[in-house]
Amino acid sequence: MPLFSFSHYKFFWRSSIAFAFFLTLLFIANSLTLQTQSTSTPCNKDPYKQLNLILNQNGTVTRPNKPPESPPAADPTLLVLSKDLPINQSKGTWARVYLPRAARDHRSKLPLLVFFHGGGFIFLSAASTIFHEFCFNMANDVAAVVASVEYRLTPEHRLPAAYDDAVEALHWIKANQDDWLRNLVDYSNVFLMGSSAGGNIAYNAGLRGAAADDDEIRKIKGLILVQPFFSGVRRTGSERRLVNEPHLALCVNDAIWELSLPVGVDRDHEYCNPTVGKGGARLEMIERLGWWVLVTGSGGDPLVDRQVELVKLMEKKGVRVVGHFTPGDYHGIQDTDPLKAKELYGVIKTFISALN
Ligand SMILES: *[C@@H]1O[C@H](CO)[C@@H](O)[C@H](O)[C@H]1NC(C)=O
Ligand SMILES: *[C@@H]1O[C@H](CO)[C@@H](O)[C@H](O)[C@H]1NC(C)=O
């Protein structure tokens with residue numbers, strides 16, 4: 001795909017954030033041409049085998065894999081300190097807060113990234129080593145305080161449980177007397193952020209809070225959606241083109257939605273498809289709130305066309321949105337490839353700095 005290179009992008013972004021809109025359009029033009037080349041290959045994966053998830057007779061699920069976890073560390077020689085704080089013990093929610101050295105050295109207040117991890121709403125934790133390392137490095141590179149939220153998983157707790165946990169987490173953070181949060185966070189500079197399913201949570205929790213006239217949510221500065229997990233009943237060009245993509249095959253994607261959405265609704269539910277009804281009142285609300293939105297995506301991710309569609313629709317509604325799309329790359333690449341993660345931190349830092 002003849003898109004644009006990251007280094008060019010970075011250069012242009014420095015000179016003008018508006019140029020990003022143009023680049024987004026380039027990508028849209030590109031992805032539209034891809035739709036015409038799509039095939040109708042069936043998905044040939046067993047979704048539960050791929051997910052390594054066992055559906056039990058009694059309706060529960062078993063997750064045989066226990067991915068590695070890391071403890072928080074408050075050793076002052078580290079570049080970034082971290083600690084776990086309970087949010088709501090009756091739900092098992094908590095947050096791991098990361099404090100970069102920049103905050104401790106200068107005693108200056110930093111932006112806050114309230115982060116929701118990926119894992120298809122079904123798997124993983126704020127303690128998972130991949131997210132611990134991601135947040136640690138992000139706090140350091142972006143120079144932001146990060147609060148990585150442990151939310152309830154599906155199918156034990158179907159959506160909107162995770163959105164409710166996310167809204168509760170933001171309230172809890174704002175009211176918290178913990179000295180890092182109290183003294184070192186600039187509360188005029190808060191972003192809800194997530195990758196994959198976490199991007200979906202950041203988006204829906206933001207809108208859910210805002211629609212409920214929740215002032216704490218309405219006052220956030222914006223959303224940072226990294227490869228956000230969205231879908232819909234109609235297949236996009238990239239979903240059809242990448243139907244058996246090893247990192248996120250289409251039938252795996254569909255199975256995740258079946259296990260996550262409220263029982264009885266389809267993928268055109270607003271939790272899943274943000275473009276349904278042309279975005280409707282939800283995108284208009286983001287426009288009115290004046291939030292800034294960063295959406296990142298990768299050309300090799302089956303979800304990319306839906307993400308591009310969302311950016312396009314937001315632009316049409318007057319939302320202040322920046323799309324950052326790279327060619328190639330797969331879903332979740334920033335969790336396994338440190339160089340890609342580092343590039344992403346640069347994009348986030350530039351986005352946040354341009355707003356201040
Ligand atoms: C459901 O079945 C699984 C696997 O057979 C078992 O481990 C679990 O305890 C059961 N849960 C309930 C609530 O019956
Ligand atoms: C914790 O969650 C429970 C169950 O949703 C709720 O009733 C309670 O108000 C929450 N506690 C706090 C301290 O927010």
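Cut-offs used in this document
- Residues numbered from 1 in each chain as written.
- Chains lettered and ligands numbered in written order.
- Predicted model: local features only at pLDDT ≥ 70, side-chain atom pairs only at ≥ 80, totals over all residues.
- Axes fitted to C-alpha atoms, helices over the stretch in contact; angles between N-to-C directions.
- Helix = DSSP H or I, 4+ residues; strand = E, 2+ residues; numbered from the N terminus.
- Parallel < 35°, antiparallel > 145°, perpendicular 65-115°, else oblique.
- Contact = placed C-beta atoms within 7 Å.
- Nonpolar A, V, L, I, M, F, W, Y, C, P; charged D, E, K, R; others polar.
- Expected span 1.5 Å × (residues − 1).
- Buried ≥ 20, exposed ≤ 12 C-beta atoms within 10 Å, placed from the backbone.
- Core = buried A, V, L, I, M, F, W, Y, C linked by C-beta atoms within 7 Å.
- Left-handed = near helix turned anticlockwise from the far one by under 90°.
- Pairing = 2+ DSSP bridges.

## Description of the packing of helix α8 (residues 197-211) against helix α12 (residues 280-289)
Next, step 1: α12 packs onto α8 with a crossing angle of 75° between their chain directions and a minimal axis gap of 10 Å. Here α8 is positioned roughly perpendicular relative to α12, judged by the angle of their axes. Of α12, the residues touching α8 (which contributes Leu207, Ala210 and Ala211) are Arg282, Met285 and Leu289.
Next, step 2: The residue inventory of the contact of α8 with α12, partitioned by class, reads five nonpolar, no polar and one charged.

## What to know about helix α5 (residues 129-142)
Next, step 1: With 14 residues, α5 should cover 20 Å at 1.5 Å per step; its first-to-last C-alpha distance of 19 Å lies within 8% of that length.
Next, step 2: Burial of α5 is extensive: ten of the 14 residues sit out of reach of the surface.
Next, step 3: Every buried residue of α5 is listed here: Ile130, Phe131, His132, Phe134, Cys135, Phe136, Asn137, Met138, Ala139 and Val142.
Next, step 4: The inward-facing, buried residues of α5 contact β3 (80-88), β4 (93-100), β5 (110-116), β6 (145-150), α14 (333-336) and α15 (338-354).
Next, step 5: Alanine 143, located one to two residues past α5, shows a positive phi value of around 60°.

## Remarks on helix α11 (residues 250-260)
Next, step 1: With eight of eleven residues buried, α11 is to be regarded as a mostly interior element.
Next, step 2: Restricting attention to buried positions, one finds in α11 the residues Leu250, Val252, Asn253, Ala255, Ile256, Trp257, Leu259 and Ser260.
Next, step 3: In the core, the buried residues of α11 are packed alongside α3 (47-51) and α10 (237-241).

## Overview of the nonpolar core
Next, step 1: Val114, Val145, Ala166 and Val293 are the most contacted members of the largest nonpolar core, which has 101 residues in total.
Next, step 2: In this structure valine 114 touches Ala147, Val149, Ala169, Leu170, Ile173, Val190, Phe191, Leu192 and Met193, once residues within four positions along its chain are discounted.

## Thoughts on the environment of glycine 346
Next, step 1: Summarising the element assignment, glycine 346 is placed in helix α15.
Next, step 2: For the pair glycine 346 and valine 142, spaced 204 residues apart in sequence, the C-alpha separation works out to 7.1 Å.

## Thoughts on the packing of helix α6 (residues 161-175) against α8
Next, step 1: Between α6 and α8, the shortest axis-to-axis distance is 9 Å and the interhelical angle comes to 70°. It follows that α6 is roughly perpendicular to α8 by the angle criterion. Taken as a pair, α6 and α8 cross one another with a handedness that is right-handed. Every residue of α8 that contacts α6 at Ala162, Tyr163, Ala166 and Val167 is listed here: Ile201, Asn204, Ala205, Arg208 and Gly209.
Next, step 2: Here the contact of α6 with α8 is composed, by residue class, of six nonpolar, two polar and one charged.

## A look at the pairing of strand β8 (residues 222-226)
Next, step 1: In terms of burial, β8 is a largely internal element, five of the five residues being buried.
Next, step 2: Here β8 shows no split at all, with Gly222, Ile224 and Val226 on one side and Leu223 and Leu225 on the other all buried.
Next, step 3: Of the pairings in the sheet, the one linking β8 to strand β9 (residues 292-298) comprises five bridges and is parallel in character. Its bridge partner being in β9, valine 226 is matched across the sheet by threonine 296.

## Focus on the pairing of β3
Next, step 1: Direction of pairing for β3 relative to β4: antiparallel, over a ladder of eight bridges. In the sheet register, asparagine 88 faces β4, and the bridge partner there is threonine 93.
Next, step 2: Where β3 folds back onto β4 in an antiparallel hairpin, the turn is made up of four residues, including glycine 92, whose phi is positive at roughly 75°.

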